[in-house]
Protein chains: 2
Amino acid sequence: MNFLEHAVELDWRHSTIEAVGDVIEFWGFKRNQGRVWAHLYLSTSPKSAAELQDELGMSKGAVSMLLRDLEYWRVLKKTRIPNRRAWLYSPETNLKEMIGRVLRERELHFISEVSETLKKAEADAKAEGVDPIIVSRLTKMRIFADGMKKAMDLFITGAQLDLRSVMDVFRPTKAIVAHFKTKRRK
Amino acid sequence: MNFLEHAVELDWRHSTIEAVGDVIEFWGFKRNQGRVWAHLYLSTSPKSAAELQDELGMSKGAVSMLLRDLEYWRVLKKTRIPNRRAWLYSPETNLKEMIGRVLRERELHFISEVSETLKKAEADAKAEGVDPIIVSRLTKMRIFADGMKKAMDLFITGAQLDLRSVMDVFRPTKAIVAHFKTKRRK
DNA sequence: CACATAGTTCAAGCCTGCTTGAACTTCAAG
DNA sequence: CTTGAAGTTCAAGCAGGCTTGAACTATGTG
């Protein structure tokens, strides 16, 4: 491998790893979690913590913690090779399964909480006799949150989704209120 | 209004505003941008910067900058009332239009860049004669990014989306490569 | 034009959350 | 059981981004 080829290789590996880091950060995880997974994913052989530390320029402690997190989310697998002390890590390669699982746990839960908060606010505001315009706005927001949740759920499970129904969230007020009445509970 | 009612009111307004802040932060914007919009959205009358500063407990400078941002994204409207010096702000109430527009500009652009980076990496890796397994992994990631982009685009435009096609991204390698060949450009 | 209030700017400080690295614990090999 | 490499922990430090507030600019009013 000559100098130029080496430069190019550094470049595409590096830019890919950084791009994955960006996406992972975008999803609310740590940038370096993405970088570690991507580095393994661009390698054909498993790597030890020491190698990752060296090749990604991170501290021993950082690598240890990142690997723990990634293992927890089953985004990589630990393996051992005879006559070698260190654990070796390989990436989970089933993107669909892996991303779906992780997003389900985190983002879906988050949206559900928002929806619950809005539902509670609606009830309180109504009980308090607040201006109906405000109550309907709370309803609108809650239905939007439910739409996001549904869209994300369907995205994750890979099922069919008619997003028209999600965006129906924004029908005129009367219809929204009707929807609300049929769906509320407690 | 007695003490308890007041407490409840504080509570649902407050929790709603914080929930909106959470969602806005989740989408990569500033928490306080969400709080400002939500505060206006829960009011039936427009508010001045001074009122927002007071009611949300923010500094003059912060409010000024937040309003500038929100106005830029057309998430609220400036109005003026005769015989009153200050500008008054009211929220954009069309959630669908507003969220769609903002997400299109930011998130769609972001995903497109990732896709471009991966496309470039694929080309470089291929040119370099890298292990085909690695090249196919780059392809897999790029197709996934394209799937995300498509899903988000359709979510935003409110069009119909068969997410099955998005998740088809993860078919066995042969099919992926075929898909890749038919879709690439340049 | 002068005044006073509204609005903007930005350097400094603050806050949060990530990273470091040294001390500690675990564990396979001999 | 001993040894030393591998792995973990966490207090302290660091970095980046948000907020503050004082100085400055703009603008409506008389």
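These numbers come from a predicted model, not from an experiment.

A. Fine view of the overall build of chain A. Along chain A, the regular secondary structure elements total 8 helices and 3 strands. Reading chain A from its N end, one meets helices and strands in the order α-α-β-α-α-β-β-α-α-α-α. Within chain A, the fraction of its 186 residues that count as buried is 47%. Contacts in chain A between residues far apart in sequence, at least 24 positions, make up 53% of those at least 6 positions apart. Within the structure as shown, chain A displays about 10,000 Å² of accessible surface, and the carbon and sulfur contribution to it stands at 55%.

B. View of the protein's contact with DNA strand D. For DNA strand D, the set of nearby residues contains 17 residues, the closest of which are A:Lys60, A:Ser64, A:Trp87, B:Asn32 and B:Arg85. When the atoms of DNA strand D within 4 Å of the protein are grouped by moiety, sugar and phosphate amount to 50% of the total. Here A:Arg68 contributes a side-chain N or O atom positioned 3.4 Å from a phosphate oxygen of DNA strand D. One of the side-chain nitrogen or oxygen atoms of B:Arg85 is found 2.6 Å away from a base oxygen of DNA strand D. Those elements that provide at least two residues to the surface near DNA strand D are helix H4 (60-72) of chain A together with helix H4 (60-72) of chain B. The greatest single-element share of the surface near DNA strand D, amounting to 5 residues, is contributed by H4(A). Of the residues belonging to the surface near DNA strand D, the class tally is 7 nonpolar, 5 polar and 5 charged.

C. Spatial organisation of the packing of helix H3 (residues 49-56) of chain A against H4(A). Residue and element names in this part refer to chain A. The contact between H3 and H4 brings their axes to 9 Å, and the two run at 120 degrees. For the element pair H3 / H4, the angle class is oblique. For the element pair H3 and H4, the recorded crossing hand is right-handed. Residues Ala-49, Leu-52 and Gln-53 of H3 form the contact with H4, whose participating residues are Lys-60, Val-63 and Leu-67. When the residues that make up the contact of H3 with H4 are grouped by side-chain class, the tally is 4 nonpolar, 1 polar and 1 charged.

D. Region of interest: the protein's contact with DNA strand C. Taken together, the neighbourhood of DNA strand C is formed by 18 residues, with A:Asn32, B:Lys60, B:Ser64, B:Arg85 and B:Trp87 sitting nearest. For DNA strand C, the backbone portion of the atoms within 4 Å of the protein, that is sugar and phosphate, comes to 54%. Separating a base oxygen of DNA strand C from a side-chain N or O atom of B:Arg85 is a distance of 2.4 Å. One nitrogen or oxygen atom from the main chain of B:Trp87 is found 2.8 Å from a phosphate oxygen belonging to DNA strand C. Among the secondary structure elements, those contributing two or more residues to the surface near DNA strand C are H4 of chain A together with H4 of chain B. When residues of the surface near DNA strand C are assigned to their parent elements, the largest contribution, 5 residues, is made by H4(B). In terms of residue class, the surface near DNA strand C is made up of 7 nonpolar, 5 polar and 6 charged.

E. Focus on the pairing of strand E3 (residues 88-91) of chain A. Residues and elements named next belong to chain A. The alternating pattern of E3 places Leu-88 and Ser-90 on one face and Tyr-89 and Pro-91 on the opposite face, and all of these are buried. Of the strand pairs in this sheet, strand E1 (residues 47-48) and E3 are connected by 2 bridges, and their pairing is antiparallel. Note on E3: the bridge partner recorded for Ser-48 is Leu-88. Where strand E2 (residues 76-79) meets E3, 4 bridges bridge the pair, whose relative direction is antiparallel. From the neighbouring strand, Lys-78 faces E3, where its bridge partner is Tyr-89.

F. Broad picture of the pattern of salt bridges. Applying the stated criterion to the full structure yields 28 salt bridges over all chains. One salt-bridge network, held together by shared partners, links A:Glu18, A:Asp22, A:Glu25, A:Arg31 and A:Arg35.

G. Examining H4(A) more closely. Residues and elements named next belong to chain A. Over its 13 residues, H4 runs 18 Å from end to end, which matches the ideal 18 Å to within 8%, given 1.5 Å per residue. Those residues of H4 not exposed but buried are Val-63, Leu-66, Leu-67, Asp-69 and Leu-70. Seen from one end, H4 has its buried residues packed into an arc of 160 degrees, which puts them on one side. Opposite its buried face, H4 presents the exposed residues Lys-60, Arg-68 and Tyr-72, each directed more than 90 degrees away. Along its buried surface, H4 packs onto helix H2 (31-41), H3, E2 and E3. Count one or two residues on from H4 and you reach Arg-74, which has phi positive near 55 degrees.

H. Structural detail: the side chain of A:Ser90. In this fold, A:Ser90 is placed in strand E3. Beyond its immediate chain neighbours, meaning those up to four positions away, A:Ser90 contacts A:Pro46, A:Leu76, A:Lys77 and A:Thr79.

I. Just the side chain of A:Glu122, in detail. Residue and element names in this part refer to chain A. Its location among the elements puts Glu-122 in helix H5 (residues 95-127). Classification of Glu-122 by relative accessible area gives buried; the value is 1%. A polar atom in the side chain of Glu-122 sits 3.0 Å from the side chain of Thr-139.

J. Broad picture of the sheet that holds E1(A). All names here are of chain A. Strand order in the open sheet made by the 3 strands is E1-E3-E2, with antiparallel pairing throughout. Edge positions in the open sheet fall to E1 and E2, since each of these has one partner strand only. In the packing of H2 onto the sheet, contacts are made with E1, E2 and E3, and the angle to E3 comes to roughly 90 degrees.

K. Examining the environment of B:Glu51 more closely. Residues and elements named next belong to chain B. Within the fold, Glu-51 resides in helix H3 (residues 49-56). Distance in space between the C-alpha atoms of Glu-51 and Val-63 is 9.9 Å, their sequence separation being 12 residues. If sequence neighbours within four positions are ignored, Glu-51 has contacts with Pro-46 and Arg-84.

What counts as what
Residues numbered from 1 in each chain as written. Chains lettered and ligands numbered in written order. Predicted model: local features only at pLDDT ≥ 70, side-chain atom pairs only at ≥ 80, totals over all residues. Heavy atoms only, no water. Helix = DSSP H or I, 4+ residues; strand = E, 2+ residues; numbered from the N terminus. Buried < 20%, exposed > 50% of the residue type's maximum accessible area, 1.4 Å probe, protein only. Contact = heavy atoms within 4.5 Å. Areas by Shrake-Rupley, 256 points an atom, 1.4 Å probe, with all protein chains shown as cover. Near = heavy atom within 4 Å. Polar contact = N/O pair within 3.5 Å; in protein donor to acceptor, adjacent residues only side chain to side chain. Nonpolar A, V, L, I, M, F, W, Y, C, P; charged D, E, K, R; others polar. Axes fitted to C-alpha atoms, helices over the stretch in contact; angles between N-to-C directions. Parallel < 35°, antiparallel > 145°, perpendicular 65-115°, else oblique. Left-handed = near helix turned anticlockwise from the far one by under 90°. Pairing = 2+ DSSP bridges. Salt bridge = Lys/Arg side-chain N within 4 Å of Asp/Glu carboxyl O. Expected span 1.5 Å × (residues − 1). Arc of directions from axis to C-beta.

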